[in-house]
Protein chains: 2
Amino acid sequence: MDGHLARLQERLRHRFSDPALLARALTHRSFSAEHNERLEFLGDSVLNLAVSALLYERLAALPEGDLTKVRATLVKQEPLHQIAIGLGLPEALRLGEGEVRTGGRRRPSILADALEALIGAVYLDAGYAAAEALVRRLFEDVEINPRMAASAKDPKTELQEWLQGRKMKLPIYRVAATLGAAHKQTFDVECEVPEFGAVERGIGASRRAAEQAAAAAMLLGLKAKGR
Amino acid sequence: MDGHLARLQERLRHRFSDPALLARALTHRSFSAEHNERLEFLGDSVLNLAVSALLYERLAALPEGDLTKVRATLVKQEPLHQIAIGLGLPEALRLGEGEVRTGGRRRPSILADALEALIGAVYLDAGYAAAEALVRRLFEDVEINPRMAASAKDPKTELQEWLQGRKMKLPIYRVAATLGAAHKQTFDVECEVPEFGAVERGIGASRRAAEQAAAAAMLLGLKAKGR
């Protein structure tokens, strides 16, 4: 494990004054009660500010609403997962045996969370400027452009990717009811995620709109439960 | 207006190197195209990190989920609105005539947004440490304790306060359908906000649960539309 930690610090270009912070950032709750979740809480906020400041500088012509959308495409699970792989986090993680057996080292949510915890650990170890510099290095190769404001995902796509990231089956959509006359129908659609036994419902003026509403409700429910 | 700006800087305990940043932070979009919304984008992230770091220190025993809940009670509109009043922001704001006439100087959302913009302006003027110190001063008199994790508002309460903050009528809830046998019913409830012509629906095992789900969907819809 020590070789992993030395290599990781080289890749981060940060040597920890307090190596216990580094170890904790890499510790999943399945391994020890001294896990990384509080560091993740802090790191998420550090990441958010560092990316906001980067976008504020680089996209000087963009209004606030578009900055928020571009930021959402950058600080979400998938790009963080990719950066974590680039840093070699899968090998450095400390996971419980059960998690290792079920593929925890490759799980996007575990990797993205550990990356945020690492950013929080650098913030505690050396202050905001050091953590901001780290975030800027991590995002050096990530594309940033104003058109990303338009590509923020719709709820159905986001739900699908969220489930695929966890190797779960695709959601099932079914029309529960159609209301009103043929030219002015309202669709009532159910979205089901069988693995969770979860069903949510959406209403819309088209089948597609109702499916999007149901997917949005499902995402909200899954995230509220901390899945 | 200059007297207002001098007094405000005294209350902030920050004298701006670049006074144009201060002026911009106080400028609502109804007054000028040089408005404060991009500064608000930045300030929101600065505020979030400064409060996260404060909670991480002070509530050392609290798990991540509870820290997130406590933070949500602090960085929302109502406490920010109160802090903005304490700083004298209502008098210092630069608003268009129409906004002034309809009570814009007292509108909670405008005041909370301007406070975030001010925090963003201090960050640009003097760096993160200065902005963090400001946030800590602003929250000096705000109560912070671990029990606040339990008092995070339910969606119906949050929706009601959101509408009241905008001087709008309360939402209307109505049962659209009850499904299943008497001992195992499912409730299908509609939540309507007439001023917006918005209707959302929620499903639940009790009427109350369905109303909460419908209120959550309504909040999500209103916020997604940037109301």
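Every value quoted in this text rests on a predicted model; they were computed, and no experiment measured them.

Caption draft 1: Fine view of helix α9 (residues 128–138) of chain B. Y128, A131, E132, L134, V135 and L138 of chain B are the residues of α9 of chain B that are buried. Buried residues along α9 of chain B cover an arc of 155° about the axis, so they all sit on one side.

Caption draft 2: Broad picture of the pairing of strand β3 (residues 198–204) of chain B. Residues and elements named next belong to chain B. With seven bridges connecting them, strand β2 (residues 186–193) and β3 associate as antiparallel partners. Across the sheet, residue C191 finds its bridge partner in β3, namely E200. Here β2 folds back onto β3, and the loop between the two strands holds four residues, one of which, G197, carries a positive phi near 60°.

Caption draft 3: Representation of the sheet that holds strand β1 (residues 172–179) of chain B. All names here are of chain B. Taken in spatial order, the three strands make up an open sheet running β1-β2-β3, and their pairing is antiparallel. A strand with exactly one partner marks an edge of an open sheet, and here the two such strands are β1 and β3. Between one strand axis and the next, the sheet turns through 20° on average, direction left out of account.

Caption draft 4: Local environment of the domain arrangement of chain A. On domain assignment, one finds that chain A holds domain 1 (2–149) and domain 2 (155–224). Each of domain 1 of chain A and domain 2 of chain A has a C-alpha centre, and these two points are 31 Å apart.

Caption draft 5: Local environment of the relation of the copies chain B and chain A. At an RMSD of 0.3 Å, chain B and chain A line up after a rotation of 180° and a shift of 0.3 Å along the axis. Such a combination of turn and shift is consistent with a two-fold rotation axis. Most of the interface of chain B is mirrored in chain A: 100% of its interface residues are interface residues there too.

Scoring rules and cut-offs
- Residues numbered from 1 in each chain as written.
- Chains lettered and ligands numbered in written order.
- Predicted model: local features only at pLDDT ≥ 70, side-chain atom pairs only at ≥ 80, totals over all residues.
- Heavy atoms only, no water.
- Buried < 20%, exposed > 50% of the residue type's maximum accessible area, 1.4 Å probe, protein only.
- Helix = DSSP H or I, 4+ residues; strand = E, 2+ residues; numbered from the N terminus.
- Arc of directions from axis to C-beta.
- Pairing = 2+ DSSP bridges.
- Axes fitted to C-alpha atoms, helices over the stretch in contact; angles between N-to-C directions.
- Domains from an automatic or database assignment.
- Least-squares fit on C-alpha atoms with pLDDT ≥ 70 in both.
- Contact = heavy atoms within 4.5 Å.

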